[in-house]
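Structural characterization, general
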Amino acid sequence: MRRVAVALALCVLIASNLWGSEVPAAQEKHPSVALVVAGKVNKAGVEAVQLHLSRRLFVVVHVEKVKIAAGISADQAISQIKATMKAGDLCAVCLGGDGCPWPRLSLVEEKQVAMIGVSALKPPAGEKLDHTWMRRVRKESVRAVCLMLGLKDCAFPRCALLNTVNDTQLDDKGDTPCPPCYKSLQKIMKERGLKPIYR
């Protein structure tokens, strides 16, 4: 009986040393993104975008707030957004609410900042405002993060990386990358030594 216990203890010790050569869970680098809110944006909508990015792109998303004064230059606004990023963040996606006259999506790739004009995505009065509006914001947020990570625009009409030119195309495209774009995203993360968080 004693021999069995000793043999079992040795097996456990050897196995723990073998598995210990891998990177411990505490040292794994998970991809993270800063979701920055500037101006007045619906809180439930921000939470929906945060959840969507984390579930669709397998990244950690932390929400930050920034107050961007009216009349400041684009460079000053970008500097304020960039200042909210934490060490290790892949990029920052800023949702500009009322008072931020930004276009639908502006990318400043060298600064790793994307700015989404939430008001520019608002559908005309009479449509299902919240549902359509926030779906558009989610789609453009996914596209922004993927482009910041090095993916290119996709021609597949249901892919979130489709570069749309009108509301109809934006409403018709999907809110996740297509399978080839997902594969490219996983490859980029692997090359950077990042471990996606699968939920």
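Just above, that's the structure.
Residues numbered from 1 in each chain as written. Predicted model: local features only at pLDDT ≥ 70, side-chain atom pairs only at ≥ 80, totals over all residues. Heavy atoms only, no water.

**Regarding the overall build of the protein**
- Broken down by element type, the protein carries six helices and five strands.
- The buried share of the protein, taken over its 199 residues, is 44%.
- For the protein, the share of sequence-separated contacts (at least 6 apart) that also reach a separation of at least 24 residues comes to 57%.
- Counting only carbon and sulfur atoms, one obtains 57% of the accessible surface of the protein, whose full area is about 11,500 Å². (Helix = DSSP H or I, 4+ residues; strand = E, 2+ residues; numbered from the N terminus. Buried < 20%, exposed > 50% of the residue type's maximum accessible area, 1.4 Å probe, protein only. Contact = heavy atoms within 4.5 Å. Areas by Shrake-Rupley, 256 points an atom, 1.4 Å probe, with all protein chains shown as cover.)

**Let's talk about the pairing of strand 3 (residues 89-96)**
- Burial within strand 3 is extensive, with eight of its eight residues counted as buried.
- Here strand 1 (residues 32-38) runs beside strand 3; their pairing, made up of seven bridges, is parallel. For Ala-38, the partnering residue across the bridge sits in strand 3 and is Gly-96.
- Bridge count for strand 3 against strand 5 (residues 113-117) is five bridges, and the pairing is parallel. (Pairing = 2+ DSSP bridges.)

**Side note on the state of the cysteines**
- By the definition in use, this model includes zero disulfides.
- A disulfide-free cysteine, Cys-178 has its sulfur positioned 3.6 Å from the sulfur of Cys-181, the nearest such atom.
- By relative accessible area, Cys-178 is classed as buried at 7%. (Disulfide = S-S within 2.5 Å.)

**Re the layout of surface pockets**
- In this model, the largest pocket occupies a volume close to 200 Å³.
- Residue lining of the largest pocket: 13 residues in total, with Ile-68, Ala-69, Ile-72, Pro-101 and Trp-102 positioned closest to the centre. (1 Å grid on protein atoms, 1.4 Å probe; cavity = no way out; pocket = protein on both sides within 12 Å on 5 of 7 lines; lining within 4 Å. Points joined across faces, edges and corners; volume = space filled by probe spheres on them.)

**A few points about the pairing of strand 2 (residues 60-66)**
- Alignment of strand 1 against strand 2, held across seven bridges, turns out to be parallel. Across the sheet, Ala-38 pairs through a bridge with Val-66, a residue of strand 2.
- A crossover links strand 1 with its parallel partner strand 2, the connecting element being helix 2 (residues 43-57), and its sense is right-handed. (Right-handed = clockwise from strand over helix to strand, strands pointing away.)

**Topic: the side chain of Lys-173**
- As for its placement among the helices and strands, Lys-173 is situated in the loop between helix 5 (167-172) and helix 6 (179-191).
- Polar contacts involving the side chain of Lys-173 include one to the main-chain carbonyl oxygen of Leu-162, which spans 3.0 Å.
- Residues within four places of Lys-173 in sequence aside, it is in contact with Lys-139, Glu-140, Arg-143, Pro-157, Arg-158, Cys-159, Ala-160, Leu-162 and Thr-164. (Polar contact = N/O pair within 3.5 Å; in protein donor to acceptor, adjacent residues only side chain to side chain.)

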